[in-house]
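Tertiary structure, described
Spelled out from the first residue to the last, the chains are:
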Amino acid sequence: MDHSEKINTLWESHNFYLQQINVLEEEFSFLAERARMFFYQPVIEAMRQMESDPAFEATLPTELVNEVQSLLEGYDAEEVPIDRNTLLSQIKRVSKDLEALYLKHLHTIKDIKAFYTEYPYDIPAHHEISDPALIDDLGNSTKDLIKSHRRSSRLLYKEVKNYKCP
């Protein structure tokens, strides 16, 4: 593989990992939303019981009845209830997969930096960068993302695991 092909492959790998990371970051965000719904679950269930009471509409002000019904419409019966163990398993799996992709991406960035250092005169015009320090910035940003993700995933996992449903 010549130098032009190698740098093309490295940048293609970089872009591939970015796409995959984006997919898993969206999945992690979805799981964070599911965790929020998990925390709301007891309130949702209480509202459902309240709404099923025959005296619900007769004994409460119309505004309150409408508000409860409106809130319940926002929750799909398929989404709630949320099982704690399933949610924890999903958080753990997506977090692990996302961290692995971040690390692969970081490794690719290091390979790109090494290439730019070892072969500065073999960079095709479409891969030239104004300042090689930008590669370090990219690597540092990825390291920051890894740290941030580790913190947020640990916190989310811990909060779901330790949540005491009333």
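Scroll up a little and you will see the structure.
Everything in this summary refers to the structure shown in the same document. For clarity, every value in this text was computed on a predicted model and none was experimentally measured. (Residues numbered from 1 in each chain as written. Predicted model: local features only at pLDDT ≥ 70, side-chain atom pairs only at ≥ 80, totals over all residues. Heavy atoms only, no water.)

**Details of the environment of Tyr102**
Our working rule: Elements are defined by DSSP. Helices are runs of H or I of four residues or more, strands are runs of E of two residues or more, and each kind is numbered from the N terminus. By definition, residues are in contact when any of their heavy atoms lie within 4.5 Å.
With respect to the helices and strands, Tyr102 occurs in helix 4 (residues 84-118). Once the C-alpha coordinates of Tyr102 and His149 are considered, the two residues, 47 residues apart in sequence, prove to be 9.6 Å apart. Excluding anything up to four places from it in sequence, Tyr102 contacts Ile21, Glu25, Thr142, Leu145, Ile146 and His149.

**Describing helix 5 (residues 133-162)**
Heads up, the rule is: How far a helix is expected to stretch is found by multiplying one less than its residue total by 1.5 Å. Buried residues are those whose accessible area, probed at 1.4 Å on protein chains only, stays under 20% of the maximum for their type, while exposed residues exceed 50% and partly exposed ones sit between those limits.
The terminal C-alpha atoms of helix 5 lie 43 Å apart, and with 30 residues this matches the ideal 44 Å at 1.5 Å per residue to within 8%. Within helix 5, the full set of buried residues consists of Ile135, Gly139, Thr142, Ile146, His149, Ser153, Leu156 and Val160.

**A few points about the packing of helix 1 (residues 3-52) against helix 4**
The cut-off we apply is this: Here an axis means a line fitted to C-alpha atoms, over the contact stretch when the element is a helix, while the angle between two N-to-C directions is reported on a 0 to 180 degree scale. Any angle from 65 to 115 degrees is called roughly perpendicular, while one under 35 is roughly parallel, one over 145 is roughly antiparallel, and all others are oblique. With the far helix as reference, a near helix turned anticlockwise by less than a right angle produces a left-handed crossing, and one turned clockwise produces a right-handed crossing. By the convention adopted, Pro, Cys, Tyr, Trp, Phe, Met, Ile, Leu, Val and Ala count as nonpolar, Lys, Arg, Asp and Glu as charged, and the other residues, Gly among them, as polar.
At their nearest, the axes of helix 1 and helix 4 sit 8 Å apart, and the two run at 155° to each other. By the criterion of interaxial angle, the relationship of helix 1 to helix 4 is roughly antiparallel. Judged by the sense of rotation from one axis to the other, the crossing of helix 1 with helix 4 is left-handed. In the contact of helix 1 with helix 4, the residues fall into 21 nonpolar, eight polar and nine charged.

**Remarks on the nonpolar core**
Threshold: What is meant by a nonpolar core is a set of buried Ala, Val, Leu, Ile, Met, Phe, Trp, Tyr and Cys residues, joined one to another through side-chain atoms within 4.5 Å.
The biggest cluster of nonpolar side chains holds 27 residues, and the ones touching the most others in it are Leu87, Ile91, Leu156 and Val160. Take this core: its biggest share by element is ten residues, from helix 1. Those residues within four positions of Leu156 in sequence are excluded, and the remaining contacts are Phe28, Ala32, Ala35 and Ile91. Ile7, Leu10, Ile112 and Ile123 belong to the second largest nonpolar core, which has nine residues in total.

**Some details on the packing of aromatic side chains**
Quick note on the threshold: When two rings of Phe, Tyr or Trp (its six-membered ring) have centres within 6.5 Å they constitute a pair, described as stacked for plane angles under 30 degrees, edge-to-face for angles over 60, and tilted for the intermediate range.
Inspection of every chain in the model, using the stated rule, returns six aromatic pairs. Look at Phe38 and Tyr163: their rings are 5.6 Å apart centre to centre, the planes differ by 65°, and that puts the pair in the edge-to-face class. You can see Phe38 sitting in helix 1 and its partner Tyr163 sitting in the segment after helix 5, a full 125 residues away along the chain. Put simply, the rings of Phe38, Phe39 and Tyr163 pair up and form one aromatic cluster.

**Re the pattern of salt bridges**
Rule in force here: For salt bridges, the criterion is a side-chain nitrogen of Lys or Arg within 4 Å of an Asp or Glu carboxyl oxygen.
Per the stated rule, a full pass over the model turns up five salt bridges. When the shortest N-O distance is used, the salt bridge between Arg36 and Glu33 registers 2.2 Å. In this pair, Arg36 and Glu33 both sit in helix 1, three residues apart, roughly one turn of the helix. Arg36 gets classed as partly exposed once you look at its relative accessible area, which sits at 31%. Residue classification places Glu33 among the partly exposed positions, given a relative accessible area of 33%.

**Digging into helix 3 (residues 62-73)**
Which entries qualify depends on this criterion: This arc is taken over the directions from the axis of the helix to the C-beta atoms.
With twelve residues, helix 3 extends 16 Å from end C-alpha to end C-alpha; this agrees with the ideal 16 Å at 1.5 Å per step. When helix 3 is considered as a whole, its buried residues turn out to be Val65, Val68 and Leu72. For helix 3, the angular spread of buried residues about the axis comes to 65°, placing them on one side. Summarising the geometry of helix 3, the exposed residues directed more than 90 degrees from the buried face are Thr62, Glu63 and Glu73. Summarising the contacts, the buried residues of helix 3 are in contact with helix 1 and helix 2 (56-59).

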